[in-house]
Amino acid sequence: MSDILVLYYSRYGSVAQMSQLVARGIEEVPEMTARIRTVPAVSAVCEASEDAIPSEGPPYVTQDDLRECTGLALGSPARFGNMAAALKYFLDGTGSLWLSGTMIGKPAAVFTSSSSMHGGQESTLITMMMPLLHHGMVVLGLPYSEPDLMSTQSGGTPYGASHVAGSDSKLPVTEEEKRLCHALGKRLAETARILEYHHKK
Ligand SMILES: Cc1cc2nc3c(=O)[nH]c(=O)nc-3n(C[C@H](O)[C@H](O)[C@H](O)COP(=O)(O)O)c2cc1C
């Protein structure tokens, strides 16, 4: 079995829900398992540090998770058109992995949730790709052979899966958004399987 790391940050639950959908797409591919991980919130107040294991939800990610995975799905809420600081903080600590070229050639894909339809989903997704490209990862999007990309009235982009959560973050993930999350996970796992096969040859 090969693990695809599904690494996300979520404050109100939308990206957490999307990560489950991406994971289901991954696990549809034979021999592929989703390893779901999150990151602790960052705060300007430094007195309290998080427990090593969160009280609920998936474990916090470690650099070993990145080392061991054959691919990466990265999910973040939009924060002023960019990824959340908590996720960026973790990525900013991966300099030694970059130096050793550990992530080179592994496939990656990104997903996001935002309050508003035109509040920066594409810019969030594209800027999330930048550190992954610096790491030498093979970044994937969603092709227009996915009919939901044309018909969706909310989230779903060629740059990755997305969800429009509304101003109170309570809008349900639509069927189109769900299918696109699933398709992204599946495409990522299928690509990881092919690339892994070629690396082993
Ligand atoms: C500081 C901050 C900045 C945000 N920036 C944006 C933004 O640029 N565009 C947008 O549409 N929503 C923005 N939001 C809303 C979140 O992206 C939205 O609530 C998201 O769906 C939350 O995902 P979650 O449920 O996984 O936490 C922002 C929220 C916060 C707290």
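This text goes with the structure placed above it.
It should be emphasised that the depicted structure is a prediction, and the values quoted were computed from it without experimental measurement.

Undergrad: Looking at this structure, I do not really get the overall build of the protein. What am I missing?
TA: Each helix and strand in the protein was counted, giving 7 helices and 6 strands. Taking 17 Å as the expected radius of gyration for a compact globule of 201 residues, we find that the protein reaches 16 Å, a close match to that expectation. When the 201 residues of the protein are sorted by exposure, 49% land in the buried category. Sequence separation of at least 24 residues holds for 75% of the intrachain contacts in the protein that already meet a minimum separation of 6. Accessible surface computed for the protein: about 10200 Å², of which carbon and sulfur atoms make up 55%. Taken together, the 16 basic and 21 acidic charged side chains of the protein have centroids lying 4 Å from each other.

Undergrad: Explanation requested: the side chain of S2 in the structure shown.
TA: Positionally, S2 belongs in strand β1 (residues 2–8). Polar side-chain contacts of S2 include one of 2.6 Å to the side chain of E196. Setting aside anything within four residues of it in sequence, one finds S2 in contact with E31, M32, T33, T70 and E196.

Undergrad: Honestly, the site of the ligand in this entry has me stumped. Any pointers?
TA: Around the ligand lies a shell of 18 residues, among which S10, Y12, A78, S113 and G119 are the nearest. One of the side-chain N or O atoms of S169 is found 3.0 Å from an oxygen atom in the ligand. Notes on the ligand: free accessible area 650 Å², of which the protein chains cover 83%. Elements represented by at least two residues in the shell around the ligand include exactly α1 (14–27) and β4 (107–114). In terms of residue class, the shell around the ligand is built from 6 nonpolar, 10 polar and 2 charged.

Undergrad: Looking at this structure, how should I read unusual backbone geometry?
TA: Leave glycine aside and you will find that most residues have negative phi; peptide bonds, for their part, are mostly trans. Despite not being glycine, F80 has its phi angle at roughly 55°, a positive value. Among the residues examined, F80 registers a relative accessible area of 90% and is labelled exposed. Notably, S169 is not glycine yet its phi reads approximately 60°, a positive angle. Residue S169 is classed as partly exposed on the basis of its relative accessible area of 23%.

Undergrad: Explain helix α3 (residues 85–92) to me, please; I cannot follow it from the model alone.
TA: An α-helix turns once every 3.6 residues. As a result, residues three or four positions apart point the same way. For α3, the full list of buried residues reads A86, L87, F90 and L91. For α3, the angular spread of the buried residues around the axis is 135°, confining them to a single face. Facing away from the buried side of α3 by over 90 degrees, the exposed positions are Y89 and D92.

Undergrad: Just to check I follow, could you spell out the environment of S10 for this structure?
TA: For S10, the location among the structural elements is in the loop between β1 and α1. With 102 residues separating them in the primary sequence, S10 and T112 have C-alpha atoms 9.6 Å apart. Reaching out from S10, the side chain makes a polar contact with the backbone nitrogen of G13 at a distance of 3.0 Å. Only 3.4 Å separates the side chain of S10 from the backbone nitrogen of A16, close enough to count as a polar contact.

Undergrad: For this particular structure, what's the right way to read the nonpolar core?
TA: The tendency in soluble globular proteins is for nonpolar side chains to be buried side by side. In this structure, V6, I26, M32 and F111 are the most contacted members of the largest nonpolar core, which totals 28 residues. When residues of this core are traced back to their parent elements, those giving at least two are β1, α1, β2 (32–38), β4 and α7 (175–200). With residues near it in sequence (within four places) discarded, M32 still touches M1, S2, I4, I26, E27, T70, A189, A192, R193 and E196. Counting 24 residues, the second-largest nonpolar core is a separate cluster that includes L74, F90, M103 and M129.

Parameters and conventions
- Residues numbered from 1 in each chain as written.
- Predicted model: local features only at pLDDT ≥ 70, side-chain atom pairs only at ≥ 80, totals over all residues.
- Heavy atoms only, no water.
- Helix = DSSP H or I, 4+ residues; strand = E, 2+ residues; numbered from the N terminus.
- Rg over C-alpha atoms; globule rule 2.2 N^0.38 Å.
- Buried < 20%, exposed > 50% of the residue type's maximum accessible area, 1.4 Å probe, protein only.
- Contact = heavy atoms within 4.5 Å.
- Areas by Shrake-Rupley, 256 points an atom, 1.4 Å probe, with all protein chains shown as cover.
- Lys, Arg positive; Asp, Glu negative; His and termini not counted.
- Charge placed at Lys NZ, Arg CZ, Asp CG, Glu CD.
- Polar contact = N/O pair within 3.5 Å; in protein donor to acceptor, adjacent residues only side chain to side chain.
- Near = heavy atom within 4 Å.
- Nonpolar A, V, L, I, M, F, W, Y, C, P; charged D, E, K, R; others polar.
- Arc of directions from axis to C-beta.
- Core = buried A, V, L, I, M, F, W, Y, C linked by side-chain atoms within 4.5 Å.

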